[in-house]
Amino acid sequence: MITLAGRPGTGKTALALNCAASAMFAGQRVGIFSLEMSQESLAQRLCAATMSVNAQAFRTRRFNPGELDLIREFQKYADNFQAKVFDSPRVDPDSIRAECRKWRRTMGLDLVIIDYLQLIGTKTAKKDSTREREVAEISRSVKQLAIELDVPVLLLAQLNRAVEARADKKPILSDLRESGSIEQDSDMVWFLSPWNIASEFMPVIDVKLHVAKSRSSSVGDVILKYVRQNLRFDEVA
């Protein structure tokens, strides 16, 4: 269970889709639960990131001839992808487990992405239940799912506002929103730090991916280049 967390607008979904694209181009089987975006929107983001198409062009429908050729090329790749997308806004742990079992049976699974934890509901909310308890239940369910499937489950999550009040803006594990159980259940926790105001309109910016927890490797920072118009993260040599 890998938790990728950050404040809204820091690029969590973009980074998760970069991971998905890397896996799919390598022939791996990927299942994505998207609670905020449609399957079409995800496909457009994947195309922008992998083929260097301007992501805004999908919104305006103003493509240059070169971009149209790249989209057609992406479509050929996409026809061979082994991927499933569940894009219903209403989902609970039981439906996630049932869908994953079906995907494993029909195509197999190498990676599961869930975007994002705080949008997952529960079927039976008790009267005395708090949202923290519900999130703890969801987190535990995702952990059990990762063990059952024996594949990485990349779970996106929101951070609380405490990180914004901090001078260095660096997230810490206690910033995980609504539940400390996320920290406990996760085998790895990745934080995307917000970029500074000075780089807000720069086309390419440095983004810090902070590995705050890792049961099987070391912790520390990884610097990535974020290409805004393509929603693409590149490694820095």
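Right above here is the structure, for reference.
A brief structural summary.

Criteria and thresholds
Residues numbered from 1 in each chain as written. Predicted model: local features only at pLDDT ≥ 70, side-chain atom pairs only at ≥ 80, totals over all residues. Heavy atoms only, no water. Axes fitted to C-alpha atoms, helices over the stretch in contact; angles between N-to-C directions. Helix = DSSP H or I, 4+ residues; strand = E, 2+ residues; numbered from the N terminus. Parallel < 35°, antiparallel > 145°, perpendicular 65-115°, else oblique. Contact = heavy atoms within 4.5 Å. Nonpolar A, V, L, I, M, F, W, Y, C, P; charged D, E, K, R; others polar. Expected span 1.5 Å × (residues − 1). Buried < 20%, exposed > 50% of the residue type's maximum accessible area, 1.4 Å probe, protein only. Arc of directions from axis to C-beta. Polar contact = N/O pair within 3.5 Å; in protein donor to acceptor, adjacent residues only side chain to side chain. Core = buried A, V, L, I, M, F, W, Y, C linked by side-chain atoms within 4.5 Å. Pairing = 2+ DSSP bridges. Lys, Arg positive; Asp, Glu negative; His and termini not counted. Salt bridge = Lys/Arg side-chain N within 4 Å of Asp/Glu carboxyl O. Phe/Tyr/Trp six-rings, centres within 6.5 Å; stacked < 30°, edge-to-face > 60°.

Description of the packing of helix H2 (residues 39-51) against helix H4 (residues 65-78)
Phase 1: Relative to each other, H2 and H4 sit at 110°, their axes nearing to 10 Å. What the angle tells us is that H2 and H4 run roughly perpendicular. Note on element contacts: H4 touches H2 through Leu70, Ile71, Glu73, Phe74 and Tyr77, opposite Ala43, Leu46, Cys47, Thr50 and Met51.
Phase 2: When the residues that make up the contact of H2 with H4 are grouped by side-chain class, the tally is eight nonpolar, one polar and one charged.

Section: helix H5 (residues 93-106)
Phase 1: Taking 1.5 Å per residue as the helical rise, H5 with its 14 residues ought to reach 20 Å, and the 20 Å between its terminal C-alpha atoms agrees with that figure.
Phase 2: Within H5 the residues assigned to the buried category are Pro93, Ile96, Arg97, Glu99, Cys100 and Trp103. Projected down its long axis, H5 carries its buried residues within an arc of 165°, all on one side. Residues of H5 that are exposed and angled more than 90 degrees away from the buried face: Arg105 and Thr106.
Phase 3: Buried-residue contacts for H5 involve strand S2 (29-34), strand S3 (82-86), strand S4 (111-115) and helix H6 (131-149).
Phase 4: The N-terminus of H5 is capped by Asp92, whose side-chain oxygen sits 2.9 Å from the backbone nitrogen of Asp94.

As for the nonpolar core
When a protein is soluble and globular, its nonpolar side chains tend to lie buried together.
Phase 1: Grouped together as the largest cluster of nonpolar side chains are 40 residues, with contacts concentrated most on Leu4, Ile113, Leu154, Trp190 and Phe233.
Phase 2: Residues contacting Ile113, with those up to four places away along its chain left out, are Ala16, Ala20, Gly31, Ile32, Phe33, Leu154 and Leu156.
Phase 3: Counting 31 residues, the second largest nonpolar core, distinct from the first, contains Leu35, Phe86, Ile96 and Val112.

Considerations on the sheet that holds strand S6 (residues 188-192)
Phase 1: Spatially, nine strands are ordered S3-S2-S4-S5-S1-S6-S7-S8-S9 in an open sheet, and the strand pairing comes out mixed. Among the strands making up the open sheet, the edge pair consists of S3 and strand S9 (232-235). Recorded for the sheet is a direction-independent mean angle of 25° between the axes of neighbouring strands.
Phase 2: Pairing between strand S1 (residues 2-6) and S6: four bridges, direction parallel. Paired with Leu4 across the two strands is Trp190, which belongs to S6.
Phase 3: Relative to strand S5 (residues 153-158), helix H1 (residues 12-25) is tilted by about 170°, and along the sheet it contacts S1, S2, S3, S4, S5, S6, strand S7 (204-214), strand S8 (220-227) and S9.

Some words on the side chain of Glu67
Phase 1: Topologically, Glu67 is positioned in helix H4.
Phase 2: It turns out Glu67 is buried and unbridged, and the closest side chain with the opposite charge, Arg232, is 11 Å from it.
Phase 3: Those residues in contact with Glu67 that sit more than four places away from it in its chain are Val53, Asn54, Ala57 and Arg62.

Overview of the pattern of salt bridges
Phase 1: Considering all chains together, one arrives at 13 salt bridges under this definition.
Phase 2: Taking the shortest distance from any N to any O, the salt bridge between Arg140 and Asp185 comes out at 3.5 Å. In this pair, Arg140 is assigned in helix H6 and Asp185 in helix H8 (residues 181-185), connecting sequence segments 45 residues apart.
Phase 3: Here Arg140 falls in the partly exposed class, since its relative accessible area comes to 39%.
Phase 4: In the salt-bridge network here, residues are joined through shared partners; they are Arg97, Arg101, Arg104 and Glu148.

Concerning the packing of aromatic side chains
Aromatic ring pairs: the centre-centre distance and the angle between the two ring planes describe each pair.
Phase 1: Counted according to the given criterion, the structure contains seven aromatic pairs.
Phase 2: Each ring, one from Phe25 and one from Phe81, has its centre 5.1 Å from the other, and the planes form 75°; the classification is edge-to-face. Of the two residues, Phe25 is situated in helix H1 and Phe81 in the loop between H4 and S3; the sequence distance between them amounts to 56 residues.
Phase 3: Seen in terms of ring centroids, Phe33 and Phe86 are 5.6 Å apart; in terms of plane orientation they differ by 50°. Their pairing is tilted. With Phe33 in strand S2 and Phe86 in strand S3, the pair connects residues that are 53 residues apart, well separated along the chain.
Phase 4: An aromatic cluster of three or more residues is present, and its members are Phe25, Phe74, Tyr77 and Phe81.

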